[in-house]
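# Descriptive structure summary
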Amino acid sequence: PRVRRLAKAISFVMAKVPNEASSAEKPIEVVDDGTTPVLRPQNGQHHGGGPSDLREKAKRQGRVYRLRPAVKQYAWGIRGADSRVSRYALESGTIQQIDLSAPYAELWLGTHPSGPSKLDDGTDLSMVVDSPQGQLPWLFKVLSAGKALSIQAHPDKERAIRLHAENPSQYKDANHKPEMAIALTPFEAMCGFRRLSEIAVNLRRHREFAACVDIEAQLQVFTAAPTDLAEQRAALTAVFQSFMNCEPEKSKAELAKLIERLRAEQSKSMHASGACHVNPPPDDASGAVATVESPWERKAARAILRLAEQFPGDAGAMAPLFLNYLLIAPGESFFMAANEPHAYVAGEILECMACSDNVVRAGLTPKHKDVANLVDMLAYTMGGPAIEFGILDHQCDGTHTLRYTPPVPEFEVLVTTVEPGHEFVLQPVDVPSILICVEGIGSTRSAPGPDGDEPLRAHQYELKPGQALYITAGTISLVLSCDAKYKGPLRVARARQNLHFAQGPSSYY
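What you see is a predicted model; the values in this text were computed from it and never measured. (Residues numbered from 1 in each chain as written. Predicted model: local features only at pLDDT ≥ 70, side-chain atom pairs only at ≥ 80, totals over all residues. Heavy atoms only, no water.)

### Observations regarding the side chain of Glu-254
Position of Glu-254 relative to the elements: it lies in helix α10 (residues 248-268). With near-sequence residues (within four places) excluded, Glu-254 lies in contact with Glu-208, Ala-211, Cys-212 and Met-318. (Helix = DSSP H or I, 4+ residues; strand = E, 2+ residues; numbered from the N terminus. Contact = heavy atoms within 4.5 Å.)

Pasting the structure below:
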């Protein structure tokens, strides 16, 4: 009897198991492209490396996820709804309303622990990234700068490891931070040291600047042979180190004198109507004409007055006298390597970098200044960065893509434009990527496979400025569409690991 009862039980269970062949014939429909929540690790638990985490990540590959970026409200950000960061954060669901009195400075898209992005169910992006630590090698940002950022540089890997070990509260990771900026609006920045000949002109013309540099350093500037790069670099090093180590009270007093003189000169050069003379009027009744300034000198003088208003008493306002002052147009870009001085001044950009938040500051900031490390770490090369417009990666009827590829392996950015009434297919690649809409309205959907079969997941998402998607490695082709009813194009930016680095310099930009 026991055997008969066991046989009946087995027969009953087998009857409940669906026939494999018949179930395979039924179409699988996915109605919801939402995410499945994952249990977050408790405080102190490691995440991203355990067997259960790896199984969970495996189930989450081959998909596209809506992202909620992190928002940084640094004091230099553009305030209220004028900031692209605030509007993007509102559209992505990161914030529920815009505080019109608050600055919105940076939008972070990535896995850096200081500002990790989340899926639309609140899950950290690191729980989906298919790598041992759940980390992307790059960090993608949108910046809205209403006033100048600090004079700064980012350490190379060797120094980053040392700084993190010595001062982990200030230098929060052990990675280098080369970065690339792509202008969304006209963008102003100070990048790299001026040529020594220009610094010599500024030392002669601005006695207040010269008073902050010791005589020996000035002599090196004026006596360095124009063709001797080693002498030029030694002179640049001496003048910058001397300026940065000038007694704060002295540099503050000299800055006040410089500002007073520049304002007086600016006032003298103005017509009663408010228009400005291209060349200054006579100095006195004798008719002697004042020294004629070149355009770059006038631009530097205006920049000093502007920075001094933003940071009263900060000698860093003299930075335009030794750093190149750039203005780039939307779509133009530049790359800043490790150990190069820079300070972004105003405007909005896309920024992509190695996954790090290490910044060594020395001026134009109330934050921690590490002058000794900055002076010691700089490469002291002269001339500004190359301004590039990207490489035309593809161009078809109604669509084109510009590729911005820097000379580092961690990242590159592709900006795709889709005109109304057209579509573009993002082909799958072997690395994950993050896509953000920067202009226009459109949508995504999964493309049919090579055999014409419809994919299991539709990946249908609306795209508006600020909405972002995480695209896992090897995801099925994704169609970007811009409906013919819209008046302007859809434009999206996509960050990913640099797939052209191995091809060498010919593939950069």
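### A look at the environment of Leu-203
You can see Leu-203 is positioned in helix α6 (residues 196-205). Sequence separation between Leu-203 and Phe-222 is 19 residues, and the spatial gap between their C-alpha atoms is 9.6 Å. Apart from the residues lying within four places of it in its own chain, the contact partners of Leu-203 are Phe-209, Ala-210, Val-213, Gln-218, Val-221, Phe-222 and Val-239.

### Section: the sheet that holds strand β6 (residues 118-119)
Read from one edge of the open sheet, eight strands run β6-β1-β22-β19-β24-β17-β16-β15, paired in antiparallel fashion. Both edges of this open sheet fall to β6 and β15 (391-396), since each of them pairs with a single strand only. Here two bridges tie strand β1 (residues 64-68) to β6, and the two strands are oriented antiparallel to one another. Bridging across to β6, Arg-68 finds its partner in Lys-118. Across the sheet, helix α4 (residues 84-92) is in contact with β1 and β19 (433-439); its angle to β19 comes to roughly 115 degrees. (Pairing = 2+ DSSP bridges. Axes fitted to C-alpha atoms, helices over the stretch in contact; angles between N-to-C directions.)

### With respect to the packing of aromatic side chains
Working definition: an aromatic ring pair is given by the centre-to-centre distance plus the angle between the planes. Counted according to the given criterion, the structure contains ten aromatic pairs. Summarising the aromatic geometry, the rings of Phe-209 and Phe-322 are spaced 6.4 Å apart at their centres and angled 25 degrees between planes, so their arrangement reads as stacked. Here Phe-209, found in helix α7 (residues 207-210), pairs with Phe-322, found in the loop between α11 (295-310) and β11 (323-328); they are 113 residues apart in sequence, far enough to count as distant. One aromatic cluster is present, formed by Phe-193, Phe-209, Phe-240, Phe-243, Phe-322 and Tyr-380 through successive ring pairs. (Phe/Tyr/Trp six-rings, centres within 6.5 Å; stacked < 30°, edge-to-face > 60°.)

### Structural notes on the environment of Phe-501
Within the secondary structure layout, Phe-501 lies in the segment after β24 (490-496). The class of Phe-501 is partly exposed, set by a relative accessible area of 32%. The sequence separation of Phe-501 and Pro-407 amounts to 94 residues, and the corresponding C-alpha distance is 6.7 Å. (Buried < 20%, exposed > 50% of the residue type's maximum accessible area, 1.4 Å probe, protein only.)

### Topic: the side chain of Ser-92
Examined against the element boundaries, Ser-92 turns out to sit in helix α4. Contacts of Ser-92, omitting those with residues within four sequence positions, involve Leu-67, Arg-68, Pro-69 and Gly-466.

### Details of the pattern of salt bridges
Two side chains carrying opposite charge are able to pair once their charged atoms lie near each other. In this structure the tally under the stated criterion is 17 salt bridges. Lys-118 is the salt-bridge partner of Asp-124, the closest N and O atoms lying 2.5 Å from each other. Taking the relative accessible area as the measure of exposure, Asp-124 reaches 23% and is therefore partly exposed. A salt bridge links Glu-166 to Arg-162; the nearest nitrogen and oxygen atoms lie 3.3 Å apart. Placement of both Glu-166 and Arg-162 in helix α5 (residues 157-166) is noted, with a separation of four residues, approximately one turn of the helix. Taken together, the salt bridges that share partners define one network made up of Arg-205, Glu-208, Arg-261 and Glu-265. (Salt bridge = Lys/Arg side-chain N within 4 Å of Asp/Glu carboxyl O.)

### Points about the nonpolar core
Ranked by size, the top nonpolar core spans 56 residues in total, and within it Met-190, Phe-240, Phe-243 and Phe-322 carry the most contacts. Beyond its immediate sequence surroundings of up to four residues, Phe-243 is in contact with Phe-209, Cys-212, Val-213, Ala-315, Met-318 and Phe-322. Grouped together as the second largest cluster of nonpolar side chains are 38 residues, Tyr-65, Tyr-88, Leu-350 and Val-408 included. (Core = buried A, V, L, I, M, F, W, Y, C linked by side-chain atoms within 4.5 Å.)

### Notes on the packing of α6 against helix α8 (residues 215-223)
Where α6 contacts α8, the two axes come as close as 9 Å, and the packing angle between them is 130 degrees. Regarding the angle of α6 to α8, the classification is oblique. For the pair α6 and α8, the crossing hand works out as left-handed. Along the contact surface, α6 presents Leu-196, Ala-200, Leu-203 and Arg-204, while α8 presents Gln-218, Val-221 and Phe-222. The residue inventory of the contact of α6 with α8, partitioned by class, reads five nonpolar, one polar and one charged. (Parallel < 35°, antiparallel > 145°, perpendicular 65-115°, else oblique. Left-handed = near helix turned anticlockwise from the far one by under 90°. Nonpolar A, V, L, I, M, F, W, Y, C, P; charged D, E, K, R; others polar.)

### A word on the packing of α8 against helix α9 (residues 229-244)
Direction vectors running N to C along α8 and α9 enclose 150 degrees, while the axes themselves pass 8 Å from each other. In terms of their interaxial angle, α8 and α9 are classed as roughly antiparallel. As for how α8 packs across α9, the hand of that crossing is left-handed. Facing Ala-217, Gln-220, Val-221 and Thr-223 of α8, the residues of α9 in contact are Glu-231, Ala-234, Ala-235, Ala-238, Val-239 and Ser-242. Grouping the amino acids of the contact of α8 with α9 by side-chain chemistry returns six nonpolar, three polar and one charged.

### Comments concerning the sheet that holds strand β23 (residues 478-482)
The antiparallel open sheet is built from four strands, whose spatial order is β18-β23-β20-β21. Two strands close off the open sheet at either side, each with one partner strand: β18 (422-426) and β21 (461-463). Neighbour-to-neighbour, the strand axes of this sheet turn through a mean angle of 25 degrees, independent of strand direction. Where β18 meets β23, five bridges bridge the pair, whose relative direction is antiparallel. Looking across to β23, one finds that Phe-424 is bridged to Leu-480.

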